[in-house]
Amino acid sequence: RFDSAFESANLRRAVQVGPFAYHLVLSSDINTRGHTQWFLFRVRDAQPGVPYRLSIVNMMKPDSLFAHGMRPLLYSENLAASHRCGWR
């Protein structure tokens, strides 16, 4: 399901904690003291129409753009093939 075996991907581990819920652990950024500023990984074979909960458990900062409403960017190969636009 989860894949990080490509350039710039930084998912270290995914642990299933519920039927459609996962805790994700990211690798630390290079040349930092254990900080993580970004994430990149792939999810395959997800069930259509099912909401998944992905919680990044080691990405903690006292202040972050996500705390101010920023949302992750998602690319879908299926949407790209059917609607010619895979980014959401």
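Let us look at the structure shown here. Bear in mind the structure is a predicted one, so any value in this text is a computation, not a measurement.

Within strand E3 (residues 21-26), five of the six residues are buried, which leaves it mostly tucked inside the rest of the structure. Here six bridges tie strand E2 (residues 11-18) to E3, and the two strands are oriented antiparallel to one another. Looking at the pairing, Val15 lines up with His23 of E3. From the end of E2 to the start of E3, which pair antiparallel, there are two residues. Where E3 lies against strand E5 (residues 53-56), four bridges are found, and the strand directions are parallel. Residue pairing across strands places Leu24 opposite Ile56, the latter belonging to E5.

Turning next to the nonpolar core. Ranked by size, the top nonpolar core spans five residues in total: Leu11, Tyr22, Leu24, Leu26 and Phe41. If one sorts the elements of this core by residue count, E3 sits on top with three residues. If we skip the residues at most four places from it in the chain, Leu26 touches Asn10, Leu11, Arg12, Thr36, Trp38, Phe39, Ile56, Asn58 and Met59.

Before going further, it helps to examine the packing of aromatic side chains. Under the definition given, this model contains five aromatic pairs. Plain terms: the ring middles of Phe2 and Tyr22 are 5.0 Å apart, the flat faces sit at 70° to each other, and that makes the pair edge-to-face. Placement of the pair is Phe2 in strand E1 (residues 2-3) and Tyr22 in strand E3, with a sequence separation of 20 residues. When the ring of Tyr75 is compared with that of Trp87, the centres are 4.7 Å apart and the planes differ by 55°; the resulting orientation is tilted. Here Tyr75 is found in the loop between E5 and helix H1 (77-83), whereas its partner Trp87 is found in the segment after H1, with 12 residues between them in sequence. With a relative accessible area of 43%, Tyr75 lands in the partly exposed category. Put simply, the rings of Phe2, Tyr22, Phe39 and Phe41 touch in pairs and so form one group of aromatic residues.

Before going further, it helps to spend a moment on the pattern of salt bridges. Counted according to the given criterion, the structure contains one salt bridge. Arg42 is the salt-bridge partner of Asp3, the closest N and O atoms lying 3.4 Å from each other. Residue Asp3 is located in strand E1, and its partner Arg42 is located in strand E4 (residues 42-43); the two are separated by 39 residues in the primary sequence.

Now for the layout of surface pockets. When its volume is computed, the largest pocket comes out at roughly 1900 Å³. If you trace the largest pocket, you find 43 residues lining it, with Val43, Leu54, Leu73, Leu74 and Tyr75 closest to the centre. The set of elements that each furnish at least two residues to the lining of the largest pocket consists of E3, E4, E5 and H1. Among the elements that make up the lining of the largest pocket, the one with the highest residue count is E5 (four residues). Of the residues that constitute the lining of the largest pocket, the class distribution is 27 nonpolar, seven polar and nine charged.

The rules behind each value
Residues numbered from 1 in each chain as written. Predicted model: local features only at pLDDT ≥ 70, side-chain atom pairs only at ≥ 80, totals over all residues. Heavy atoms only, no water. Buried < 20%, exposed > 50% of the residue type's maximum accessible area, 1.4 Å probe, protein only. Helix = DSSP H or I, 4+ residues; strand = E, 2+ residues; numbered from the N terminus. Pairing = 2+ DSSP bridges. Core = buried A, V, L, I, M, F, W, Y, C linked by side-chain atoms within 4.5 Å. Contact = heavy atoms within 4.5 Å. Phe/Tyr/Trp six-rings, centres within 6.5 Å; stacked < 30°, edge-to-face > 60°. Salt bridge = Lys/Arg side-chain N within 4 Å of Asp/Glu carboxyl O. 1 Å grid on protein atoms, 1.4 Å probe; cavity = no way out; pocket = protein on both sides within 12 Å on 5 of 7 lines; lining within 4 Å. Points joined across faces, edges and corners; volume = space filled by probe spheres on them. Nonpolar A, V, L, I, M, F, W, Y, C, P; charged D, E, K, R; others polar.

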